[in-house]
Amino acid sequence: MSAVSSTPLTVQFAGRDGIALVADEWNRGIESAGRPSILMLHGGGQNRFSWKNTGQILADEGFHVVALDSRGHGDSDRAPDADYAVDTLTADVMEVLAAVGRPVMIIGASMGGLTGILAAHQAGPDRVTQLVLVDVVPRFEKGGSARIRDFMMGNIDGFDTLDQAADAVAEYLPYRAKPRSPEGLKKNLRLRDGRWYWHWDPAFMTKPGDDPELRTEKFEHAAANLTIPVMLIRGKLSDVVSPEGVQHFLETVPGAEFVELSNAGHTAAGDDNDAFSDVVVGFVKRS
């Protein structure tokens, strides 16, 4: 067995139709008895670096961890036909599960959480053994979702400077302390022709999607049929997941655990990473 890794390796998986999916992987080759691997799926417009701190903490606990860039995000390939449907994202995850080749716990935020629900349902309890949903439920708030879309679309033409990008993030996340330096945003932006652009495919936002009502029904059906341990983590400041949405989810998935982070919003893992990581580590250790 390999030694516990202090830093992740950058690796590549093949998604549906061979699309290249880039990931950070900690502790490759380590298979702790009775412990699953952990697959981390980010939200729309984010990338694998949103999991950097939690991924490292889980790796230091001895877990094999994979933090994936979804298609069209980060360093993964853009879909040639702009196919970012949730069924396609789920198909990508199924390919990654097959490549990992052992039981996996999925941690998914927002888009990644909805994808995780479908993947867990399709894969079955022997392949996906636990599921953590980060501020996402099938019946999410349209107002909060619209605010995310407005933020993403409002800056689709990029920024002149990193400071401009930092100001936009600070306005969008007023409850989060603004970093002293904007340099950390380089993980989320790319410099092209003198401007800084978010590192995701604009077609992800502009191509028409499938019917929202049917999509919600699909998520609810999949969630209701899960038999694995499930934890829902909500940021108390979230405008995407409401207390009513939480209650409906807990009625749909009666065995699910629920934790609310008082100092976090929709981007819970980044808003209060210490509290978030403590909750996740506790869940995966006892499940």
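Placed above this text is the structure.
An account of the accompanying structure is given in this report. Given the structure is predicted, the values throughout are model-derived calculations rather than measurements.

Moving on, we get to the packing of helix 4 (residues 142–154) against helix 5 (residues 162–172). At a closest axis distance of 11 Å, the pairing of helix 4 and helix 5 adopts a crossing angle of 170 degrees. Between helix 4 and helix 5, the angle falls in the class roughly antiparallel. Judged by residue contacts, Arg147, Ile148 and Phe151 of helix 4 engage Ala168, Val169 and Tyr172 from helix 5. Taken together, the residues that form the contact of helix 4 with helix 5 break down as 5 nonpolar, no polar and 1 charged.

Applying the stated rule across the entire model yields 16 salt bridges. The closest approach of N and O atoms between Glu257 and Arg286, which form a salt bridge, is 2.4 Å. Here the residue Glu257 occupies a position in strand 10 (residues 257–261), and Arg286 occupies one in helix 10 (residues 273–286), the gap between them amounting to 29 residues. Here the salt bridges share partners, and the residues they tie into one network are Asp24, Arg48, Asp69, Asp75 and Arg190.

With that settled, the discussion passes to the packing of helix 2 (residues 86–100) against helix 3 (residues 111–123). Look at helix 2 against helix 3: their axes get within 9 Å of each other, and the N-to-C directions meet at 60 degrees. In terms of orientation, helix 2 lies oblique with respect to helix 3. The chirality of how helix 2 crosses helix 3 is right-handed. On the side of helix 2, the interface is formed by Val86, Asp87, Leu89, Thr90, Val93, Met94 and Leu97, while helix 3 contributes Met111, Thr115, Leu118, Ala119, Gln122 and Ala123. Class assignment for the residues of the contact of helix 2 with helix 3 results in 9 nonpolar, 3 polar and 1 charged.

Ranked by internal contacts, the top residues of the largest apolar core, which has 63 residues, are Leu39, Ile106, Val230 and Phe249. Tallying contributions element by element places helix 3 first for this core, with 7 residues. Discounting chain neighbours no more than four positions away, the residues touching Leu39 are Val66, Leu68, Val93, Val96, Leu97, Val104, Met105, Ile106 and Ile107. Counting 26 residues, the second-largest nonpolar core is a separate cluster that includes Ile107, Ile233, Ala269 and Val279.

What follows concerns the environment of Asp163. Structurally, Asp163 is set in helix 5. Overall, Asp163 belongs to the partly exposed group, its relative accessible area being 46%. Taking the C-alpha atoms as reference points, Asp163 and Glu183, 20 residues apart in sequence, are found 8.9 Å from one another.

Glancing now at unusual backbone geometry. Here Asp17, not a glycine, exhibits a phi torsion of approximately 55 degrees, which is positive. The residue Asp17 is located in the loop between strand 1 (9–14) and strand 2 (20–26) in this model. Its identity is not glycine, yet Asp135 carries a phi of approximately 50 degrees, on the positive side. Summarising the element assignment, Asp135 is placed in the loop between strand 6 (128–134) and helix 4. Judged by relative accessible area, which is 0%, Asp135 ranks as buried.

Thresholds, definitions, all that
- Residues numbered from 1 in each chain as written.
- Predicted model: local features only at pLDDT ≥ 70, side-chain atom pairs only at ≥ 80, totals over all residues.
- Heavy atoms only, no water.
- Axes fitted to C-alpha atoms, helices over the stretch in contact; angles between N-to-C directions.
- Helix = DSSP H or I, 4+ residues; strand = E, 2+ residues; numbered from the N terminus.
- Parallel < 35°, antiparallel > 145°, perpendicular 65-115°, else oblique.
- Contact = heavy atoms within 4.5 Å.
- Nonpolar A, V, L, I, M, F, W, Y, C, P; charged D, E, K, R; others polar.
- Salt bridge = Lys/Arg side-chain N within 4 Å of Asp/Glu carboxyl O.
- Left-handed = near helix turned anticlockwise from the far one by under 90°.
- Core = buried A, V, L, I, M, F, W, Y, C linked by side-chain atoms within 4.5 Å.
- Buried < 20%, exposed > 50% of the residue type's maximum accessible area, 1.4 Å probe, protein only.

All we've got here are geometric facts, nothing functional implied.
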